[in-house]
Amino acid sequence: MLVKRAPDIYDKLSLLTNGAKFDVSCSPSFDRKNFSKKESFSKFGIHNIWTSNGRCIPLLKVLLTNFCINDCAYCLNRKRNDIPRTIILPDELSRIVYEFYRKKQIEGVFLSSGIIGNPRKTMDMMITTAKFLRTKYQFKGYIHLKIVPDSDEASIEESIKLADRVSINLELPTDKSLSLIAPEKNLHSILKTVEKINSIIENKGKTIQSQTTQLIVGATSDTDFQVLKLTENLYKNNSKLKRVYYSAYMPVNDDPRLPQLSKPPLIREHRLYQADWLIRYYGFQVEEIVSEEKPLLDEKIDPKLDWALRNIFLFPVEIQQAPPETLLRVPGIGLTSVRRILKIRKTSTLTLKGLKNLGVVIRRAMHFITIDGKYYGNKNQMKELSTSSIAKNLQQYSLDI
């Protein structure tokens, strides 16, 4: 008689890190440009992610369980899928996280989960895992906890106490889309949870703590205008929302409700990150980038350049005199370059070479500026200024654009 071997902890870990790879509430490291349904993944789920200051850190990204009571069409772990299922209990998972940390293989953990039983039970298990790490193992590393939809306030508050960052995924920008492909989820309820997280963090005075969320791009007919309008409102109303992540739809399931794609819409995702950057840091309103009449971003040209070409009557601007908010709207000049320009021009006259040394992308900016009254550009070449850098690194979102 053959006896089936029980899976060991590393077999479980392999399954549960594979199930966690599509959540991009931290920068993804697996090769999404060459994605296929048969793609394998790092056996132990350790990602190299990049922090806001450019530091690369190893992070264990894992599910507590890939059992789930929900049937989201886009999700690898949906309940109807015939896949191997497992669970790592809190004491097991906290121990293995700590062992990776002790051996300096990771600096933190991203913990999410399918919903097993009900949201409260699932959150209790994730919270217990984090609590074991913080108290039993005196874990000082980074913890990101995923908040399960319909979690109660006590669970959210406890998660915030234990984690460095929490997140809840909106997934899609409209109730219509959610009801179509994620029928167990409700956008209004999730938005209320985002507000609740924001309020708890503010009331507890956790100045370092923040939250993130994620939107799937390309799984439904939602437009870039709908996505970015929701994003703009989120940033305005939730001071502790660090950022919105955009995740190009990955076709992992065969489902008539989903589009049939040969490859994920990574360029569209990249353009959304660029537009998001303009909204957060450059003072743009959504309607300046996309609108109900022009609801989609141009995939051939970055949104800042697109805006400049549509408003060409505002250019060229004089680099020696233009205020910072005007300089920020010049293609090829970013936040860092503006700060340097403002400092240098107080005492010196700027030059084309000098601007390049300050980080300005001259081949782009020269068509939109004058330097001490002199114009170096060629207006006939402006429409050829598409973003060539997109092919170099689709993961690099923090660009001076």
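What you are looking at is a predicted structure, and each value in this text was computed from that prediction instead of being measured. (Residues numbered from 1 in each chain as written. Predicted model: local features only at pLDDT ≥ 70, side-chain atom pairs only at ≥ 80, totals over all residues. Heavy atoms only, no water.)

Looking at the pairing of strand β3 (residues 108–112)
A regular strand carries its side chains on alternate faces of the sheet.
Logical step 1: With five of its five residues buried, β3 lies for the most part within the structure.
Logical step 2: Both faces of β3 are covered, namely the face carrying Gly-108, Phe-110 and Ser-112 and the face carrying Val-109 and Leu-111.
Logical step 3: As defined by bridge partners, strand β2 (residues 56–63) adjoins β3 across five bridges and the pair is classed as parallel. Opposite Leu-60, over in β3, you have Val-109 as the bridge partner.
Logical step 4: In the classification by handedness, the crossover that spans β2, the intervening helix α2 (residues 90–102) and the parallel β3 is right-handed.
Logical step 5: Pairing analysis gives four bridges linking β3 to strand β4 (residues 142–146), with the strands arranged parallel. By the bridge assignment for β4, Val-109 is matched with Ile-143. (Buried < 20%, exposed > 50% of the residue type's maximum accessible area, 1.4 Å probe, protein only. Helix = DSSP H or I, 4+ residues; strand = E, 2+ residues; numbered from the N terminus. Pairing = 2+ DSSP bridges. Right-handed = clockwise from strand over helix to strand, strands pointing away.)

Some remarks on helix α12 (residues 335–344)
Logical step 1: For α12, every residue scored as buried is listed here: Ser-337, Val-338 and Ile-341. Seen end-on, α12 carries its buried residues on one side only, within an arc spanning 100°. Opposite its buried face, α12 presents the exposed residues Arg-339 and Lys-343, each directed more than 90 degrees away.
Logical step 2: In this structure, the buried residues of α12 make contact with α11 (324–327) and α13 (352–357). (Arc of directions from axis to C-beta. Contact = heavy atoms within 4.5 Å.)

Details of the sheet that holds strand β9 (residues 369–371)
Remark on secondary structure: sheet strands pair via backbone hydrogen bonds, oriented parallel or antiparallel.
Logical step 1: Judged by pairing direction, the sheet is mixed, and its three strands sit side by side in the order β8-β9-β10 without closing on themselves. Looking at the sheet topology across the chains shown, the edges are occupied by β8 (317–318) and β10 (374–375).
Logical step 2: Bridge count between β8 and β9: two bridges; the pairing is parallel. Looking across to β9, one finds that Glu-318 is bridged to Thr-370.

A short note on the packing of aromatic side chains
Logical step 1: For the coordinates displayed, the defined rule picks out seven aromatic pairs.
Logical step 2: Pairing Tyr-98 with Tyr-137 gives two aromatic rings, centres 4.9 Å apart and planes at 20°, and the pair type is stacked. Here Tyr-98, found in helix α2, pairs with Tyr-137, found in the loop between α3 (119–136) and β4; they are 39 residues apart in sequence, far enough to count as distant.
Logical step 3: Taken together, the aromatic side chains of Phe-284, Trp-307, Phe-315 and Phe-368 make up a single cluster linked through ring pairs.
Logical step 4: Seen from the ring of Phe-110, Lys-61 lies directly overhead, with NZ or CZ sitting 5.7 Å from the centre.
Logical step 5: The ring of Trp-307 has Arg-329 lying over it, and the distance from NZ or CZ to the ring centre is 5.0 Å. (Phe/Tyr/Trp six-rings, centres within 6.5 Å; stacked < 30°, edge-to-face > 60°. Lys NZ or Arg CZ within 6 Å of the ring centre and 35° of its normal.)

Some thoughts on the sheet that holds β2
Logical step 1: If you trace the seven strands from one edge of the open sheet to the other, you get β1-β2-β3-β4-β5-β6-β7, paired in mixed fashion. Lying at the two open borders of the sheet, with one neighbouring strand each, are β1 (46–50) and β7 (241–248). Direction aside, the axes of adjacent strands within the sheet are offset by 25° on average.
Logical step 2: Seen against the sheet, helix α7 (residues 224–237) touches β6 (210–217) and β7 and runs at an angle of roughly 165° to β7. (Axes fitted to C-alpha atoms, helices over the stretch in contact; angles between N-to-C directions.)

Points about the environment of Trp-307
Logical step 1: With respect to the helices, strands and loops of the structure, Trp-307 is situated in helix α10 (residues 303–310).
Logical step 2: The spacing of Trp-307 and Phe-284 is 23 residues in sequence and 9.9 Å in space, taken between C-alpha atoms.
Logical step 3: If we skip the residues at most four places from it in the chain, Trp-307 touches Phe-284, Glu-288, Leu-314, Phe-315 and Arg-329.

A few points about the side chain of Thr-86
Logical step 1: Its place among the elements puts Thr-86 in the loop between β2 and α2.
Logical step 2: Thr-86 gets classed as buried once you look at its relative accessible area, which sits at 7%.
Logical step 3: With residues up to four places along the chain from it excluded, the contact list for Thr-86 reads Lys-12, Leu-15, Leu-16, Thr-65, Asn-66 and Phe-67.

Quick word on the confidence of the model for the chain
Logical step 1: The predicted model of the chain has a mean per-residue pLDDT of 88, with 86% of residues at 70 or higher.
Logical step 2: The least confident element of the chain, judged by mean pLDDT, is β1 at 80; the most confident is helix α9 (residues 286–289) at 98.
Logical step 3: Of the regions scoring below 50 in pLDDT, residues 34–42 engages in 18 contacts with residues more than four places distant in sequence or in other chains.
Logical step 4: Overall, residues 387–401 carries pLDDT values under 50, and its contacts beyond four positions in sequence, including any with other chains, amount to 40 contacts. (pLDDT = per-residue confidence, 0-100.)

Describing the nonpolar core
Across soluble globular proteins, you tend to see nonpolar side chains buried next to one another.
Logical step 1: By size, the foremost hydrophobic cluster in this structure holds 102 residues, and its most contacted members are Val-97, Leu-228, Tyr-246, Ile-319, Ile-341 and Leu-355.
Logical step 2: Setting aside anything within four residues of it in sequence, one finds Ile-341 in contact with Ile-319, Leu-327, Ile-333, Leu-350, Leu-355, Leu-358 and Val-360. (Core = buried A, V, L, I, M, F, W, Y, C linked by side-chain atoms within 4.5 Å.)

Side note on the packing of α7 against helix α8 (residues 266–281)
Logical step 1: Following both chains from N to C, one finds α7 and α8 inclined at 35°, their axes separated by 11 Å at the closest point. By crossing handedness, the relation of α7 to α8 is classed as right-handed. Mapping the contact onto sequence places Asp-224, Val-227, Leu-228, Thr-231, Glu-232 and Tyr-235 in α7 and Arg-268, Leu-272, Ala-275, Asp-276, Ile-279 and Arg-280 in α8. (Left-handed = near helix turned anticlockwise from the far one by under 90°.)

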